[in-house]
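# Structure assessment
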Protein chains: 2
Amino acid sequence: MTATIRPVKGTRDYYPEDMALRAWLYDQMRHVSELFGYQEYQAPILEPIGLYAAKSGDELVEKQSYVFEDRGGDRITLRPELTPSLARMVAQRQNQLAFPLRWWSFGPFWRYERPQKGRTREFFQWNIDLIGDPSPEAEAEIVAIAAAFFKQVGLRSDEVQIRVNDRRLLAKELESIGIPEQARTPLLGLIDRKDKLSPEAWILQTKDIGLANAQIDSLNELLANKELWRGSESLERFFQAIEAFGASEYVVFEPSIIRGLQYYTGTVFEAWDTAGEFRALFGGGRYDNLVSDVGGKPVEAVGFAVGDLVITLLLQSLGRLPELAKSPTDVFVTLFDVSLRDKSFAIMNALREAGIRVAGQLTSEKLGKQFKYADRIGAKLAVILGPDEAAKGKVGFKVLATGEQGECTESEMIAKVRQLLEA
Amino acid sequence: MTATIRPVKGTRDYYPEDMALRAWLYDQMRHVSELFGYQEYQAPILEPIGLYAAKSGDELVEKQSYVFEDRGGDRITLRPELTPSLARMVAQRQNQLAFPLRWWSFGPFWRYERPQKGRTREFFQWNIDLIGDPSPEAEAEIVAIAAAFFKQVGLRSDEVQIRVNDRRLLAKELESIGIPEQARTPLLGLIDRKDKLSPEAWILQTKDIGLANAQIDSLNELLANKELWRGSESLERFFQAIEAFGASEYVVFEPSIIRGLQYYTGTVFEAWDTAGEFRALFGGGRYDNLVSDVGGKPVEAVGFAVGDLVITLLLQSLGRLPELAKSPTDVFVTLFDVSLRDKSFAIMNALREAGIRVAGQLTSEKLGKQFKYADRIGAKLAVILGPDEAAKGKVGFKVLATGEQGECTESEMIAKVRQLLEA
């Protein structure tokens, strides 16, 4: 026997029980997306490197992307995120599409990072975007979708929180405390990492950027000021709309939220578990220049992306994951022996034609082993055809959870099976 | 404006109308898979090159695979097919799994081929496999699933056909007409390409392999013999089970079916449109050595794979594609002006909380333009809140297909909307 070939580091195998969970999560995302009228789309998994070069941020493009040459010599990227592909697709058909677009997508992405809890190199993301509406109300709709998703998967507002800021507001405030323009971009990067720094390191690094002590005090003060949004017309409209959409309990203003991606132009937001045990659940914001950056006419956009991993870990830690069926099998049909094979197969066929989900025994085997298999795959019911039943034109049945047994005529079978499955 | 960034050659953008079709096809595949009790799973999209080296066949691995080094120097492949990943996953958990396994999957694959009608470099495939059952009845179940899928998508047995052969039978027949062992493998490859060769080229190339004229005559005779399966115990059992499963009309014996992949060990099959206008719709067969080839204990397996492209082209050419909704929007809620914004948003929220799918106007706009947008996204109903309605505690509604209008009180709204959507 050769050594088992190992999977690629940072990828995941989805065995049926894992896949059932991912499919459930995808269904929740679909449900919420559709409640708000969003259409599903998909972009290719391979994109040209040039698509990301402009705006995704140096770290993502230069350090984390999987880039390679194909057999024709083209430089190809395994997409590390979806937004640039979305911008490209919008730019390509800008004259045919009905704006505002409400689009969502779910699929795989790759980043070459060190695998750890809540982080793999191959991961799945839900992306949802509203394109062609510059209003704070558009931002509020997107954040209300995030809140609706939390409600949908059973996460309460004391467990998760959506923290909102506006880069424009922060830029204005930095200007007002006398931070020179050239220091603002590195300072925003530093604020983005503030929660990963010790208070000492924070002060040291702000000084490195050139801030005076008084400026650091003012900065700390404004980053602690949860009322900073009042007076910003767009944030006031945003929070008013959040209230009308019934999402207030999940949404707070947080002046230290920045987001790493360079293409955000205004409102930005992140969702966190309030206990602070996990990485950000998701992030998003307004990015009004990306469509024109990839060659389209300027169009306003706002959206967010949620990875499947951290949300799953959070739901798991709260005991909030659903119980999912082991397999889609409703009925297991037994096989007595070769002489009854055709008849057993015909029973499987008749049940399937009635829309009942059936797995069946294909080769002779002890009945005890057949029942054990039916149990392991989670079938609800066994339909049994032995020589006694066959002689009488009947079939037997057994409810696997209770052991309840009985028999009925072949012509009654489908009605009886339906009745037992509904019970 | 910079030039629009182009997608990678051979990839596809799925705009919402394309995605709706792919999602429909996926749903049909899921429905049929589950009718037979199969569980969904997923393998990574990146796999080590060594996984394919053994058995997928030289052309697939050496000429068509996307292979690259990751940032850590590992040789990675974008999966060109799923079966080796499946074998790897089975080998990894062989002692925990409940055999026979009934597993299916749907996802993207890559092959560096020349893009043409029905062929892209990035494509999607449905894979379905029965693992751990050596019987001809297991093969029949898999082929019956293929037939059930055709029925499910509305393809009749005079339009598509599943052609079945057994490599073991053919090997025995080649031996009986005196083809020496070393000539049999190249000859099988040649038979696999027979339908792409002119009669002259066929004769020329069989002679190149070393066949005498009499052997070529015998070979042509056996390849034309549709009764060759009679007398093969396994094929006789196979066709008997196909009949019991109610799939006979779709399935024929065809001695020239070989399949390109090297890992097939017995029964092989392909589906074709009977008019012969398209490439093979799908292919599959028995592959009993693959799990042990990747390091597991030997376990028998049979399965098939269907690409999404050719089946879609065939359905399209027969006018058999479904009419799909433009968007998931049931109701469009209008916005009169800023003074009614909160109230309009609260109406959207109330409808969504009742499970109704709603897109809404977020910023002031002429009502005519709002209706035009509602129409373009395919909303069935508009809910209208103007100052007159608001003053009376009412909302207006308009059925977009018929133009029918009316109004109701706010408290009646949800019941009224449900009633109009069901009509």
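Residues numbered from 1 in each chain as written. Chains lettered and ligands numbered in written order. Predicted model: local features only at pLDDT ≥ 70, side-chain atom pairs only at ≥ 80, totals over all residues. Heavy atoms only, no water.

## So, the overall build of chain A
Rules: A run of H or I in DSSP becomes a helix once it reaches four residues, and a run of E becomes a strand once it reaches two; helices and strands are each numbered from the N terminus. Throughout, the radius of gyration refers to the C-alpha atoms, and the reference size of a globule is 2.2 Å times the residue count to the power 0.38. We call two residues contacting when some pair of their heavy atoms lies within 4.5 Å. To measure how exposed things are, a 1.4 Å probe is used in the Shrake-Rupley method; for residues, cover is taken only from the protein chains shown. Positive: Lys, Arg. Negative: Asp, Glu. His and the chain ends are not part of the count. Note that the charge is assigned to NZ on lysines, CZ on arginines, CG on aspartates and CD on glutamates.
Secondary structure assignment for chain A yields 16 helices and 16 strands. What you see for chain A is a C-alpha radius of gyration of 28 Å, clearly larger than the 22 Å of a compact globule of 423 residues, by over 25%. Along the first, second and third principal axes, the C-alpha set of chain A runs to 95 × 55 × 50 Å. In chain A, 68% of the contacts between residues at least 6 apart in sequence involve partners at least 24 apart. Carbon and sulfur atoms make up 48% of the accessible area of chain A, which amounts to about 17,300 Å² in all. Averaging the locations of the 52 positively and 60 negatively charged side chains of chain A gives two centres separated by 5 Å.

## Here's the deal with the sheet that holds strand β2 (residues 46–48) of chain A
Residue and element names in this part refer to chain A. For the record, the criterion: The pairing criterion for strands is at least two bridges between them, as found by DSSP. What counts as an axis is a line fitted to C-alpha atoms, over the stretch in contact for a helix, and the angles between N-to-C directions run from 0 to 180 degrees.
If you trace the three strands from one edge of the open sheet to the other, you get β2-β4-β3, paired in antiparallel fashion. Only two strands of the sheet have a single partner each, and these edge strands are β2 and β3 (66–69). Here the average twist between neighbouring strands, direction ignored, is 40 degrees. In this sheet, strand β4 (residues 75–78) lies alongside β2 in antiparallel orientation, the contact comprising three bridges. Across the sheet, the residue bridging to Leu46 is Leu78, located in β4.

## What to know about the interface of chain A and chain B
Short version of the rule: Using a 1.4 Å probe, buried area is obtained as the accessible area two parts lose upon being combined, added over both of them. We count a salt bridge whenever a side-chain nitrogen from Lys or Arg sits within 4 Å of a carboxyl oxygen from Asp or Glu. Pairs of N or O atoms within 3.5 Å make up the polar contacts considered here, provided that, within protein, one atom can donate a hydrogen while the other can accept it, and that residues adjacent in sequence are counted only when both atoms are side-chain atoms. Just so you know the grouping, Ala, Val, Leu, Ile, Met, Phe, Trp, Tyr, Cys and Pro go in nonpolar, Asp, Glu, Lys and Arg go in charged, and all remaining residues, Gly too, go in polar.
Chain A puts 104 residues into the contact, and the matching count from chain B is 104 residues. Taken together, the two surfaces of chain A and chain B that pack against each other cover about 8,700 Å², and 58% of this comes from carbon and sulfur. Per-residue buried area on chain A facing chain B is highest for A:Ile5, A:Tyr15 and A:Arg71; these three make up 9% of the total on that side. On the surface where chain A and chain B come into contact, there are 10 salt bridges. Across the salt bridge formed by B:Glu17 and A:Arg93, the nearest N and O atoms sit 3.4 Å from each other. Across the chain A-chain B interface, the total number found is 48 residue pairs in polar contact (both at pLDDT 80 or more). If you tally residues by element for the side of chain A that touches chain B, the top one is helix α13 (residues 341–353) of chain A, at eight residues. When grouped by side-chain class, the residues that make up the side of chain A that touches chain B number 50 nonpolar, 24 polar and 30 charged.

## Re the packing of aromatic side chains
Which entries qualify depends on this criterion: Between rings of Phe, Tyr and Trp, where Trp is taken as its six-membered ring, a pair exists when centres lie within 6.5 Å; planes separated by under 30 degrees are stacked, by over 60 edge-to-face, and by other angles tilted. Each residue gets one of three labels from its accessible area relative to the maximum for its type: buried under 20%, exposed over 50%, partly exposed in between, using a 1.4 Å probe on protein chains only. Counted as over-ring charges are cases with an Arg CZ or a Lys NZ within 6 Å of the ring centre that also lie within 35 degrees of the ring normal.
Under the definition given, this model contains 45 aromatic pairs over all chains. Here the aromatic rings of A:Tyr263 and A:Tyr264 are separated by 5.2 Å at their centres, their planes lie at 65 degrees, and the arrangement is edge-to-face. A single burial state applies to A:Tyr263 and to A:Tyr264, both of which are buried. With a centroid separation of 6.1 Å and 25 degrees between ring planes, the pair formed by B:Phe150 and B:Tyr250 is classed as stacked. Pair noted here: B:Phe150 is in helix α5 (residues 136–152) and B:Tyr250 is in the loop between α10 (233–244) and β8 (251–253), with a separation of 100 residues, a long-range link. The same class applies to B:Phe150 and to B:Tyr250, which are both buried. What links up through ring pairs into an aromatic cluster is the set A:Trp126, A:Phe149, A:Phe150, A:Tyr250, A:Phe269, A:Phe282 and A:Phe304. Positioned above the aromatic ring of A:Tyr14, the side-chain terminus of A:Arg22 is 4.4 Å from the ring centre. A cation sits over an aromatic face here: B:Lys398 above B:Phe371, 4.3 Å from the ring centre.

## What about a positive patch on the surface?
Residues and elements named next belong to chain A. Quick reminder of the rule: Like-charged residues within 9 Å of one another, or nonpolar side chains (Val, Leu, Ile, Met, Phe, Trp, Tyr) within 5 Å, are grouped into patches, provided each residue has over 30% relative accessible area and no salt bridge.
Taken together, the side chains of Lys326, Lys366, Lys369, Lys372 and Arg376 make up a positively charged region of the molecular surface. Positionally, Lys326 belongs in the loop between α12 (308–317) and β12 (331–333). The class of Lys326 is exposed, set by a relative accessible area of 55%.

## Details of the side chain of B:Lys398
All names here are of chain B. Relative to the helices and strands, Lys398 is located in strand β15 (residues 394–399). Although Lys398 lies buried, it forms no salt bridge, and the closest oppositely charged side chain, Asp375, sits 8.0 Å away as judged by the N-O distance. Setting aside chain neighbours within four positions, we find Lys398 in contact with Phe371, Lys380, Leu381, Ala382, Ile384, Gly403, Glu404 and Gln405.

## Re the relation of the copies chain A and chain B
Relating the two copies of this chain is a rotation about some axis coupled with a shift parallel to it. Formally: To superpose the copies, least squares is applied to the C-alpha atoms of every residue with a pLDDT of at least 70 in both.
Each copy of the sequence occupies a distinct position, and chain A is placed on chain B by a rotation of 180 degrees and an axial shift of 0.0 Å, giving an RMSD of 0.1 Å. The transformation relating the two chain copies, once decomposed into turn and shift, fits a two-fold axis. By C-alpha distance to the rotation axis, the residue of chain A lying nearest is A:Phe68, at 3.0 Å. Taken together, the interface assignments show that 100% of the residues at the interface of chain A recur at the interface of chain B, consistent with an identical surface on both copies.

## Here we look at helix α6 (residues 167–176) of chain B
Residues and elements named next belong to chain B. The condition is simple: Taken from the helix axis, the directions to the C-beta atoms give the arc we talk about.
Restricting attention to buried positions, one finds in α6 the residues Arg167, Leu169, Leu170, Glu173 and Leu174. Relative to the axis of α6, the buried residues are bounded by an arc of 155 degrees and lie together on one face. Among the exposed residues of α6, those pointing more than 90 degrees away from its buried face are Lys172 and Ser176. In this fold, the buried residues of α6 make contact with β7 (160–166), α7 (181–192), α9 (213–223), α10, β8 and β9 (267–273). Its side-chain oxygen at 2.8 Å from the backbone nitrogen of Arg168, Asp166 defines the N-terminal cap of α6. Once α6 ends, the next one or two residues include Gly178, with phi positive near 80 degrees.

## Points about the side chain of A:Arg121
Looking at the secondary structure, you find A:Arg121 in the loop between β5 (101–110) and β6 (122–131). Among buried Asp, Glu, Lys and Arg side chains, A:Arg121 stands out as unpaired, with B:Asp70 the closest opposite charge at 4.6 Å. Excluding its chain neighbours within four sequence positions, the residues that come into contact with A:Arg121 are A:Lys9, A:Gly10, A:Tyr66, A:Phe109, A:Trp110, A:Arg111, A:Tyr112, A:Glu113 and A:Pro115.

## Concerning the pairing of strand β16 (residues 405–409) of chain B
Moving residue by residue along a regular strand, the side chains alternate between the two faces of the sheet. Residue and element names in this part refer to chain B. Where β15 lies against β16, five bridges are found, and the strand directions are antiparallel. By the bridge assignment, Gly396 is partnered in β16 with Glu407. Between β15 and β16, which pair antiparallel and follow one another directly, the connecting turn spans five residues, one of which, Gly403, has a positive phi of 80 degrees.

## Considering the pairing of strand β11 (residues 301–307) of chain A
All names here are of chain A. Within β11, six of the seven residues are buried, leaving the element largely enclosed by the surrounding structure. Sheet topology places β6 next to β11; seven bridges connect them, and they run antiparallel. Residue pairing across strands places Gln125 opposite Gly307, the latter belonging to β11. One ladder, built from five bridges, connects strand β10 (residues 282–286) with β11; its direction is antiparallel. Paired with Gly285 across the two strands is Gly303, which belongs to β11.

## Topic: the packing of helix α1 (residues 16–35) of chain B against α5(B)
All names here are of chain B. Put simply, the test is: For classification purposes, angles smaller than 35 degrees are called roughly parallel, those larger than 145 roughly antiparallel, those between 65 and 115 roughly perpendicular, and all remaining angles oblique. Left-handed describes a crossing whose near helix is turned anticlockwise from the far helix by less than a right angle; the clockwise case is right-handed.
At a minimum axis distance of 10 Å, the contact between α1 and α5 shows a crossing angle of 135 degrees. One element, α1, and the other, α5, form an angle in the oblique class. Handedness of the α1/α5 crossing: right-handed. Where α1 approaches α5, its residues Leu25, Gln28, Met29, His31 and Val32 are matched on the opposing element by Ile145, Ala148, Phe149 and Gln152. Considered class by class, the residues forming the contact of α1 with α5 number six nonpolar, three polar and no charged.

## Re the environment of A:Gln39
For A:Gln39, the position within the fold is in strand β1 (residues 39–40). Spatially, the C-alpha atom of A:Gln39 lies 46 Å from that of A:Ile216, the residues being 177 residues apart in sequence. Once residues within four sequence positions are removed from consideration, A:Gln39 is found in contact with A:Arg102, A:Trp103, A:Trp104, B:Pro16, B:Lys326, B:Ser327 and B:Pro328.

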